[in-house]
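Each chain, written out:
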Amino acid sequence: MALIVSHGHSVTSNPLKLSAPLGASMAFMGMDQTMPLLHGSQGCTAFALVMLVRHFREAIPLQTTAMNEVSTILGGMDQVEQALLNIAKRTKPKIIGLISTALTETRGEDMKGDLKLILERNPELADIKVIPVSAPDFSGSLETGWGKAVTAIIDNLAEPASAKQQDCNRVNILPGVHMTPGDIETLVDLVEEFGLKANVLPDLSGSVDGHVPDHFIPTTYGGATVDSAKNLGRAKLTIAIGEHMRISAETLREKTGVPYVLFDRLTGLEASDRLMVCLSTAAGKPVPAKIRRARSQLIDAMLDGHFYFGGRKFAVAGEPDFLWTWGKLISDMGGELVAAITPVHAAHLTELPCQQVIIGDFQDMEDQILEAGGADLVISNTNARLSCQALGVPHFRAGFPVYDRLGGAHRVHVGYRGTRDLIFQLANVLIDNPDHGHGPVPHSAEHDHAAAPALG
Amino acid sequence: MLNRKKIQDLMNEPGCATNQAKSEKDRKKGCGKQLTPGAAAGGCAFDGAKIALQPITDAVHLVHGPIACEGNSWDTRNVGSSGPELYRRGFTTDMTNLDIVNGGEKKLYKAIKQAIAKHNPPAVFVYQTCVTALIGDDVVAVCRAATQRLGTPVIPVEAPGFVGSKNLGNRLAGEALIDYVIGTREPDDAGDYDINILGEYNVAGEMAIVKVLLKRLGIRLRTAITGDARYNDVAAAHTARANMVVCSQALVTLARKMKERWGIPYFEGSFYGISDTSEALRAIASMLIQRGAAPELMDRTEALIAEEEAKTWAAMEPYRARLAGKRVLLYTGGVKSWSVIHALQEMGMEVVGSSVRKSTEADKAKALERLGGDEDKLVDAIAPRDMYAMFKEGRADIMLSGGRSQFVALKAKTPWLDINQERHHQYAGYQGMVTLVQQMDLALSNPIWEQVRRPAPWDIEE
């Protein structure tokens, strides 16, 4: 049981939090032929764009309503209208995700109302699904924005199915923002092993998985389509992953009547077991031999790996469901979670096996590690690198953004095999760094980052 | 709104020929393009201000706003420091719902106090953002109070995103320096050989190259504004004998004001390209001589130029045969194009296009001359779709650009070289051109291109 405490500082130093509009934009990256549009200053888009480009190493479509001084005073409806018309003319997307920011929400803009008027008077927008999302920066974080956008997509597109349209072999998947394209691909494969069909929303594995199209496309290429979103109502079951997807799963159930199962995580033996039981029940089929074999391999990985986790100290910093997934894996393997940092409050984190969860930043992570007398490994995004360098603690890159390592999109964290490989990756780092965490944090040159091996 | 007059003043720049050539009405629009909603690219004024000031490496840079402004952007620019690392830390007030309802002034004051207590910096820069400007937080008053009570200079930077482009933000940052920083410290070591370089941000740590050249001539760089700068050196920048402005659109106003206030002459130059580097060194020497340095400085400068130019061309010679005939698309913002075009042409390469988005009229004219008067090769911006087509149709062999457009080239299976702020190689000075040529050769000669362009076996028509 953990106590959740806010760091209580007025100054945030080395922020862990990422903005909700960025999370919402990412959700639209998983929709096919889509252009997300941030309703704010052009900087709101520029910063988010640079971060997405650097993380995914892909061209990222993301536009701005380019709010200026005058529209900030008089209202941004004209900006929204011009932006929609320009995008419709230049890039011809199927979907535009219209996402508010702190700027437009602070001035109290009625974006949805404005949008209704704009759509009424501009027939050229009739073929485009414009999906408004309220996701101001001043409320919540990356997961919040992602969850809100997925909910808005469901709210705008999903339709209840007639009895004839229902397909008892169909399963919806609502992945959280902490899942990589590789995770989604793996999950879909698992679903198909049971003879089921998966309908994923949003589907990053179709778009930012690093494929090379043979002609120029100004919008997203690949991902969930308008039709697949409409057809969510036909499924027998929805599988949502991560607490921040609860609201989306709930909305889908209300709209279409499709029941949902919410998995807190899909990493680890117990969590993977629950997934297999769920799929097996849904399919009415026993767990295939191939998957049973994979389970056995995971058990072996745990047997081989536990030596390197037991008694070691870990720090995890990230969004609530990221922290939950990694924190639980560490404790499943016998490691000790000495620093658990997250940017926003989430009630389920009280169940984390550590003393406290701090709502804070990377400065708090550094302080926690020092208080614990050091740590063996930090698991966090690239932004933790300054802290890790300062403390001389190895840094396993995970989450968003990771822009100083390759292959993040393809790393798999789910299911028996994903967990097996993760245990190996982590154990190898721990084997390389046997001496940390057993005394004061070293400051000598040979323990500096330059000497630390490249990880994660 | 907040600093309407200041912004209007910035729109009128006597030191800029382009600006003066405009009509009164056009001038008011500023030098950035009017932003088109739904078809705009680039940063906001806050972004520009932060870019211009953050390289002051020993200061705290505190962003007063909701999380996006700093949380989505901190420590992403690859500007180097030869000492302090404090500038890389991201500080923000992370304004949330309640803070916005209650007003953020108290939180800002506390944040300043906490940052000073923890890091004891020589100064704190506080950046205003859209939301805090909109709710009327008086950043200037908070900074004034904090300076008085806490004894550390706290400098307000009033460039919220919505006032305009990145370029305007650069210039508003210059205003903050002239209003609050430059001239606040009298150094005890001012001399006849001191210069400042304005608009240089030490990307990839390349100022080291420039410093070595200057040092060989006995010239001291008091400070760059603001690459690898220390706060106290910027505060003493008014004692330099000459200013060189390297990114004229960003900080020419600051240069002009420093001339008016302290009589420091300035010139616009660049350290990109061989001929530009030589020209810059000559201009620095001649200005210093006019202001009291010994005339023999020019002889030493000419000797150094002759030696370095010969060495550089010799170092580049082996690449000539490998690069000759290759076609380059030069798609840059800040880097002065014409001098780089000159060097590439000397290598036998063909420049098929060069963007002049941020160049002055004089630069454009020079670039045009280099390109044989072919106006079609000078472009403002190329739409990604057209750029992609250029590569697909084989009209360019390599693109030099910034990170945003890299995937247009890479997805078209075309070599690409980063010459923007995220790059890791130093392209300044004589040595920098050799590095650039080496990097181009590495990119073009990599064996992957032949492999990735080959169709899959099942796609080959018999």
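Fair warning: this is a prediction, and the values are worked out from it, not measured in the lab.

When you go through chain A residue by residue, the secondary structure sums to 16 helices and 15 strands. Its C-alpha radius of gyration of 22 Å places chain A within 12% of the 23 Å reference for a compact globule of 456 residues. Evaluated residue by residue, chain A yields a buried proportion of 61% over its 456 residues. Long-range contacts, defined as pairs at least 24 residues apart, comprise 74% of the intrachain contacts of chain A with a sequence gap of at least 6.

Looking down a regular strand, the side chains alternate between one sheet face and the other. Residue and element names in this part refer to chain B. Of all seven residues making up strand β5 (residues 194-200), seven are buried, and the element is well covered by its neighbours. Where β5 lies against strand β6 (residues 220-226), six bridges are found, and the strand directions are parallel. By the bridge assignment for β6, asparagine 196 is matched with threonine 223. With respect to chirality, the unit in which β5 leads through helix α11 (residues 207-216) into the neighbouring parallel β6 is right-handed. As paired strands, β5 and strand β7 (residues 242-245) are joined by four bridges and run parallel to one another. What sits directly across from isoleucine 195, in β7, is alanine 242.

It is worth spelling out the pairing of strand β12 (residues 398-401) of chain B at this point. Residue and element names in this part refer to chain B. Side-chain alternation along β12 places Ile398 and Leu400 on one buried face and Met399 and Ser401 on a second face that is also buried. Judged from the four bridges that link them, strand β9 (residues 327-331) and β12 form a sheet pairing that is parallel. Within the sheet, the bridge partner assigned to leucine 330 lies in β12 and is leucine 400. For β12 and strand β13 (residues 416-418), the ladder comprises three bridges, and the chain directions are parallel. Residue leucine 400 lies in a different strand from β13, and its bridge partner there is leucine 417. Read as a crossover between parallel neighbours, the route from β12 over helix α19 (residues 406-411) to β13 is right-handed.

Another aspect to go through is the interface of chain B and chain A. Residue-level contacts link 54 residues of chain B with 54 residues of chain A. Ranked by residue count, the leading element in the side of chain B that touches chain A is helix α7 (residues 105-119) of chain B, at five residues. Looking at side-chain class alone, the side of chain B that touches chain A contains 27 nonpolar, 16 polar and eleven charged residues. Two strands pair when backbone bridges link them, and strand β2 (residues 12-13) of chain A and strand β2 (residues 91-92) of chain B are joined in this way by two bridges, in the antiparallel orientation. Looking at β2(B), one finds that Thr12(A) is bridged to Thr92(B).

Right, let's get into α7(B). Residues and elements named next belong to chain B. With 15 residues, α7 should cover 21 Å at 1.5 Å per step; its first-to-last C-alpha distance of 21 Å lies within 8% of that length. Among the residues of α7, Lys107, Leu108, Tyr109, Ala111, Ile112, Ala115 and Ile116 are the ones counted as buried. Check the buried side of α7 and you find it contacts β1 (60-64), β2, α6 (97-102), β3 (124-128), α9 (139-150) and β4 (154-157).

The next thing to look at is the sheet that holds strand β14 (residues 377-380) of chain A. Residues and elements named next belong to chain A. Pairing within the open sheet is parallel, and its six strands lie in the order β1-β13-β12-β11-β14-β15. A strand with exactly one partner marks an edge of an open sheet, and here the two such strands are β1 (3-6) and β15 (395-397). Strand-to-strand twist across the sheet, computed as the mean angle between neighbouring axes with direction ignored, equals 20 degrees. Pairing of strand β11 (residues 313-317) with strand β12 (residues 336-342) involves five bridges; the strand directions are parallel. Within the sheet, the bridge partner assigned to valine 316 lies in β12 and is alanine 340. The sheet contacts of helix α13 (residues 320-332) involve β11, β12 and β14, and relative to β12 the element is tilted by about 180 degrees. The sheet contacts of helix α14 (residues 362-371) involve β11, β12 and β13 (356-359), and relative to β12 the element is tilted by about 160 degrees.

Residue and element names in this part refer to chain B. Two numbers describe how α11 lies on helix α20 (residues 429-445): the axes approach to 8 Å, and their chain directions differ by 140 degrees. Relative to α20, the element α11 lies oblique. Facing Ile209, Val210 and Leu213 of α11, the residues of α20 in contact are Gly429, Gln431 and Gly432. Residues that form the contact of α11 with α20 fall into these classes: three nonpolar, three polar and no charged.

On to the environment of Tyr193(B), then. All names here are of chain B. Checked against the element boundaries, tyrosine 193 lands in the loop between α10 (166-180) and β5. With 22 C-beta atoms counted inside 10 Å, the residue tyrosine 193 sits in the buried group. Through-space distance from the C-alpha of tyrosine 193 to that of alanine 293 is 6.6 Å; in sequence the pair is 100 residues apart. Residues contacting tyrosine 193, with those up to four places away along its chain left out, are Gly218, Ile219, Arg220, Leu288 and Ala293.

A few words on the confidence of the model for chain A. The predicted model of chain A averages 94 in pLDDT, with 95% of residues at 70 or higher. In the model, residues 437-454 of chain A has pLDDT below 50 throughout and makes 24 contacts with residues more than four positions away in sequence or in other chains.

To continue, consider the sheet that holds β5(B). All names here are of chain B. Read from one edge of the open sheet, four strands run β6-β5-β7-β8, paired in parallel fashion. Each edge of the open sheet carries a strand with a single partner, namely β6 and β8 (266-268). Strand-to-strand twist across the sheet, computed as the mean angle between neighbouring axes with direction ignored, equals 20 degrees. By the bridge criterion, three bridges tie β7 to β8 in an arrangement that is parallel. Looking at the pairing, methionine 244 lines up with phenylalanine 267 of β8.

So, about the domain arrangement of chain A. All names here are of chain A. Taken as a whole, chain A is organised into domain 1 (3-12 + 291-447), domain 2 (20-140) and domain 3 (170-286). Listed per partner, the contact involves 27 residues of domain 1 and 24 residues of domain 3. Put simply, the parts of the chain that give the side of domain 1 that touches domain 3 at least two residues each are α12 (289-309), α13 and α16 (415-432). Looking at which element gives the most residues to the side of domain 1 that touches domain 3, the answer is α13, with eight residues. Its residues assigned to classes, the side of domain 1 that touches domain 3 comprises 13 nonpolar, nine polar and five charged.

The next thing to look at is the nonpolar core. Residues Leu62(B), Ile112(B), Val124(B), Val126(B) and Val157(B) are the most contacted members of the largest nonpolar core, which totals 284 residues. Top contributing element to this core by residue count: helix α2 (residues 42-56) of chain A, with ten residues. Residues within four places of Ile112(B) in sequence aside, it is in contact with Leu62(B), Val124(B), Val126(B), Ala146(B) and Val154(B).

Rules of the game
- Residues numbered from 1 in each chain as written.
- Chains lettered and ligands numbered in written order.
- Predicted model: local features only at pLDDT ≥ 70, side-chain atom pairs only at ≥ 80, totals over all residues.
- Helix = DSSP H or I, 4+ residues; strand = E, 2+ residues; numbered from the N terminus.
- Rg over C-alpha atoms; globule rule 2.2 N^0.38 Å.
- Buried ≥ 20, exposed ≤ 12 C-beta atoms within 10 Å, placed from the backbone.
- Contact = placed C-beta atoms within 7 Å.
- Pairing = 2+ DSSP bridges.
- Right-handed = clockwise from strand over helix to strand, strands pointing away.
- Nonpolar A, V, L, I, M, F, W, Y, C, P; charged D, E, K, R; others polar.
- Expected span 1.5 Å × (residues − 1).
- Axes fitted to C-alpha atoms, helices over the stretch in contact; angles between N-to-C directions.
- Parallel < 35°, antiparallel > 145°, perpendicular 65-115°, else oblique.
- pLDDT = per-residue confidence, 0-100.
- Domains from an automatic or database assignment.
- Core = buried A, V, L, I, M, F, W, Y, C linked by C-beta atoms within 7 Å.

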